[in-house]
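Examination of the molecular architecture
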Amino acid sequence: MTESNKQLKFKIATPHDLSERSKWLREYYFKGANREWNNQFMPFTTGMDWDTIWSELDYYIVPEVHTYIGIKGKGVFESTFRSMAQTIDSLPENFWKLSLPERRAIFFKEAMLNYIPQEIVGPSLLAGSRFNTQLSKCFNKEEAKSFWKNILEVRHKYFKFHNSGFGNAGATAGHFIPDYETVINKGFKYIYERAKQIYEALSKKEKASPRGDELLAIMISAEVPRDLAKKYAEECRRLKNQTKDPKRVEELEQMAKNLERVPWEPAKTFWQGVQAIWLTHMLIMAEESYPGAGTSFGRTDQHLWPLYKKDVIEDKRISKEFAKDILGSFWFHCNTAYDAMIKIAKQGITSGFGQLMTLSGCGPNGIDLTNELTYTILEVIDEWSPILEPKPNVRLHRNSPEKLLNIVVDMLSRSQGAPFLINFDERSIAGMVAEGIPEEDAWDYACVGCLENTMQGNDRSGTVNLNPNLAKTIELVLWNGKLMPGNVAKPWNKESEQFGPKTGKPEDFESWEQFFNAWKMQMEYAIKYLAETYNLTEKLRAEYLPTPYVSSIVRGCIEKGLDVRNGGPMLAFVTVEGVGYATTVDSLLAIKHIVYDTKKYSMTELKDALLNNFEADYSILQTILINKAPKYGNDEGEADELARSIMEFWSGETWKYKTPTGFQYRPGMLSWNYWAGSAASKTPATPNGRKKGTFLSNAICPTDGVDIKGPTSVTNSVGTVLGGKTEDGKYINYLPNGASHTITFNPSMLRNPEHQEKFKAYLKGYIENGGTCLQVNMLDAEMLRDAQKHPENYQNLLVRVTGYNAYFNAIGKELQDEIIAREAHKI
């Protein structure tokens, strides 16, 4: 325990057993804005009067920035970056005669090679330090005019959708797994030559078409990693000639040799493999001008295992401790993504970016793929914690080894928040098969961002792009397709505006079946409205915002000659992440119970209570709704069966739609912050007893405080609503993207071997009967209350919010209070 921790009322997790190098890197990172070096945003412009740098199309899903977008014209971010931007004046003479993808590729190349400095940070063993950019969109004058004309039209329609409380329907960067396996095993040289081969086979007419333009842009982009690595190799040798430490001289020379090989050629060593991944990864963030953002690594312990096995175990070329130092350097650089806005909040940390690394899991026919690299990476996670990136996800399944389960439980017992997410293979694989992935391939899925299931290297599934407020459908049924009186958002809509279909006055409904059918009609409308709104933004991104570098490392794009945003990937999905599921379920259960089953209250009385936000004379009704009506989350047959049918119906609606670029809509359940923020604030009182503006339910979790029968009951409910199992025992999963389930335990319950064994049994039960992803929050509510009073004593206290960890002191008090109020379960 450190000296400062001795003064704490509660002990918090601290890093331990770090090497001198890793200790230096971690401490240097947390100096934040006091560092002499950082990775702040660097904006670059073509210098044209019409230039556009910041794209709001990547930020519609982030309501916190809406204020800075404005209603008309260019917003604060765009104007600010324009005023800060450095002009790239070394563009070729024919630049404006080239296609937009080629211009983007050339501009990206010039910025990375000739304008952004190549630096090695301290004793890091990896090159690749500055990558937080804001790059010109490279529009010519006509494109800029057309882009902004379309933006203003789309913006109004999007803001109407959002401000009316229907959720979010935008898009964002990242949230995919690049083809790291090909980069490690074949290198960018293979990618370049593949694009060149296809381009040269085109006819003259095809070469002059958009397909030819895209392939040329991919070829330009695929050379950037090679050329940048050479520049970093030069910097390593410059530093080598200045240092007097023989050990560092040797390291810098080997780093230079690594960079002269990777990522252009296949990696031959573990060190080269990690370097290849990092340089590839940081260039994605640079091209998309979006730090972190769910750009994930996939099954790193599988991708690098042959190299680790050869170097560390067989040839003993490097020690395990040195391999951990290589990984520690990787950890450091991942976290510098937060430097983008380092001078605000907690050194720029406003949420979890989600550069996710998937560990362990099964192979074909359920064989376990855990290896020694899995355990080494888990050691690094444990020793570096608490820290946000990269975000680990451990895949468990029926054949997971006891050693892995013991380590998982031990790490959880010593954590605050959660050191990793836990994915469950059997249910997750069933979801991948349901979306059309062949069963013989589906085992090789991995997770992106928070917990979203995708395939690796050939899949761009827009995993957080659409976030409908499912609870909105209750409002539409109760007011016959209109918003509740008094819940209208001006100037976006009017009291009399008809949104959903006229399903009739619910006061006139004679049966529960009639009400439930009306709800289904409103849900059909809500998903259709969502898709129509999103498709407007998707079309613009495809036309105006190509990313040829990213397209080079997503399989399918080269073969089709299409950008990753324009239907290029082999697997092209866009994900609908339902928000407020338990709020919706419990509201329908409450209506069924008090209006139709017991007939204790009329529909008119219920609506009056909602209109009055359960104030004054309606507090008794609110109490009955909260305490007497059935609730999802307690393994009760009738309640969970209705919850399952609701899940099946709303998720089934998503499959009806595709984007103009051919991306198939699919369902998932990751609420991010919307359940506590924008969706909650725009949702009136609901029939489950929730008051206006208060938090909705989080992802697939039960409503806070209603899961009173313990974690096993909650687990069974989650598995049931995802579809349960068939009669012959096969898993069903309505949500291929995955479902976020956060559950809270008090750390004291894992402090003795007996309870740790019980928790292992719980995890094994979750494999059989639970959902796709579990996020275990080990929290002492009293400690969190003390952290609110004395934040200076808990600077690095992590908590699990939903799909991500966050520093407790970096989130608002309302969200802090919600986390404190979560039910702490016992085993």
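Here's what I pulled together on the structure shown here.

As for the nonpolar core
Counting residues in hydrophobic clusters, the biggest one holds 275 residues, and the most contacted among them are F270 and Y581. Looking at which element gives the most residues to this core, the answer is helix α21 (residues 512-544), with 14 residues. For Y581, the residues in contact, after removing those within four places along its chain, are L470, Y632, A643, R644, I646, M647, W650, M669, S697, A699 and V721.

Things to note about the pattern of salt bridges
Inspection of every chain in the model, using the stated rule, returns 53 salt bridges. The partner of E56 in a salt bridge is R155, and the shortest N-O contact between them spans 2.6 Å. With E56 in the loop between β1 (42-45) and α2 (66-69) and R155 in helix α5 (residues 141-163), the pair connects residues that are 99 residues apart, well separated along the chain. For E56, a relative accessible area of 4% puts it in the buried group. Across the salt bridge formed by K691 and E615, the nearest N and O atoms sit 2.6 Å from each other. Placement of the pair is K691 in the loop between α28 (678-681) and α29 (711-721) and E615 in the loop between α25 (603-611) and α26 (619-627), with a sequence separation of 76 residues. Linked through salt bridges whose partners overlap, the residues forming this network are D58, E288, R460, R541 and R565.

Notes on the side chain of H281
The residue H281 is located in helix α12 (residues 270-288) in this model. Using a relative accessible area of 0% as the deciding quantity, one classes H281 as buried.

A look at the packing of helix α10 (residues 224-240) against helix α11 (residues 246-261)
Look at α10 against α11: their axes get within 8 Å of each other, and the N-to-C directions meet at 165 degrees. In this view, α10 runs roughly antiparallel relative to α11, as classed from their interaxial angle. Note on packing geometry: the crossing formed by α10 with α11 is left-handed. Residues A229, K230, Y232, A233, C236, R237, L239 and K240 of α10 touch α11, and the partners they reach there are V249, L252, E253, M255, A256, K257, L259 and E260. Taken together, the residues that form the contact of α10 with α11 break down as 10 nonpolar, no polar and 6 charged.

Concerning empty space enclosed by the protein
Vacant regions in the atomic arrangement are exposed by a probe of water-molecule size rolled over the atoms. On inspection of all chains with the given rule, the structure shows 5 cavities of 30 Å³ or more. R460, G462, N465, E538 and R541 are, among the 16 residues lining the second largest cavity, the residues nearest its centre. For the lining of the second largest cavity, the secondary structure elements donating two or more residues are α21 and β12 (571-577). At 4 residues, α21 tops the list of elements feeding residues into the lining of the second largest cavity. Of the residues contributing to the lining of the second largest cavity, the split by class is 7 nonpolar, 5 polar and 4 charged.

A few points about the pairing of strand β6 (residues 391-396)
With respect to burial, β6 is a largely interior element, 6 of its 6 residues being buried. Residues of β6 alternate between two faces, with K391, N393 and R395 on one and P392, V394 and L396 on the opposite face, all of them buried. Two elements, strand β5 (residues 356-360) and β6, share 5 bridges in a ladder whose sense is parallel. Along β6, the bridge assignment pairs T358 with N393. Remark: the β5/helix α16 (residues 372-384)/β6 crossover connection has right-handed handedness. Relative to strand β7 (residues 421-424), β6 runs parallel, the two being bridged by 4 bridges. Following the sheet pairing, L396 is matched in β7 by F424.

Focus on the pairing of strand β15 (residues 773-778)
Within β15, 6 of the 6 residues are buried, which leaves it mostly tucked inside the rest of the structure. Going residue by residue along β15, you find C773, Q775 and N777 tucked away on one face and L774, V776 and M778 tucked away on the opposite face as well. Here 2 bridges tie β7 to β15, and the two strands are oriented antiparallel to one another. Its bridge partner being in β15, N423 is matched across the sheet by C773. Here strand β14 (residues 740-745) runs beside β15; their pairing, made up of 6 bridges, is parallel. Of the residues in β15, the one forming a bridge with I743 is V776. Note that the unit made of β14, helix α30 (residues 753-769) and β15 has a crossover that is right-handed.

A word on the packing of aromatic side chains
Counted by the stated rule, this structure contains 53 aromatic pairs. Taking 6.5 Å as the distance between ring centres and 35 degrees as the angle between the ring planes, the aromatic pair formed by Y28 and F332 counts as tilted. Here Y28 is found in helix α1 (residues 20-29), whereas its partner F332 is found in helix α15 (residues 320-335), with 304 residues between them in sequence. For the pair formed by Y28 and F332, the shared burial category is buried. Ring plane angle 20 degrees and centroid distance 5.4 Å describe the contact between W512 and F516, whose orientation is recorded as stacked. With W512 and F516 both in helix α21, this residue pair falls 4 residues apart, about one helical turn. F516 matches W512 in its accessibility class, with the two residues each being buried. Clustering of aromatic rings is evident, with ring pairs tying together F509, W512, F515, F516, W519, Y596 and F649.

What counts, and where the lines are drawn
- Residues numbered from 1 in each chain as written.
- Predicted model: local features only at pLDDT ≥ 70, side-chain atom pairs only at ≥ 80, totals over all residues.
- Heavy atoms only, no water.
- Core = buried A, V, L, I, M, F, W, Y, C linked by side-chain atoms within 4.5 Å.
- Buried < 20%, exposed > 50% of the residue type's maximum accessible area, 1.4 Å probe, protein only.
- Helix = DSSP H or I, 4+ residues; strand = E, 2+ residues; numbered from the N terminus.
- Contact = heavy atoms within 4.5 Å.
- Salt bridge = Lys/Arg side-chain N within 4 Å of Asp/Glu carboxyl O.
- Axes fitted to C-alpha atoms, helices over the stretch in contact; angles between N-to-C directions.
- Parallel < 35°, antiparallel > 145°, perpendicular 65-115°, else oblique.
- Left-handed = near helix turned anticlockwise from the far one by under 90°.
- Nonpolar A, V, L, I, M, F, W, Y, C, P; charged D, E, K, R; others polar.
- 1 Å grid on protein atoms, 1.4 Å probe; cavity = no way out; pocket = protein on both sides within 12 Å on 5 of 7 lines; lining within 4 Å.
- Points joined across faces, edges and corners; volume = space filled by probe spheres on them.
- Pairing = 2+ DSSP bridges.
- Right-handed = clockwise from strand over helix to strand, strands pointing away.
- Phe/Tyr/Trp six-rings, centres within 6.5 Å; stacked < 30°, edge-to-face > 60°.

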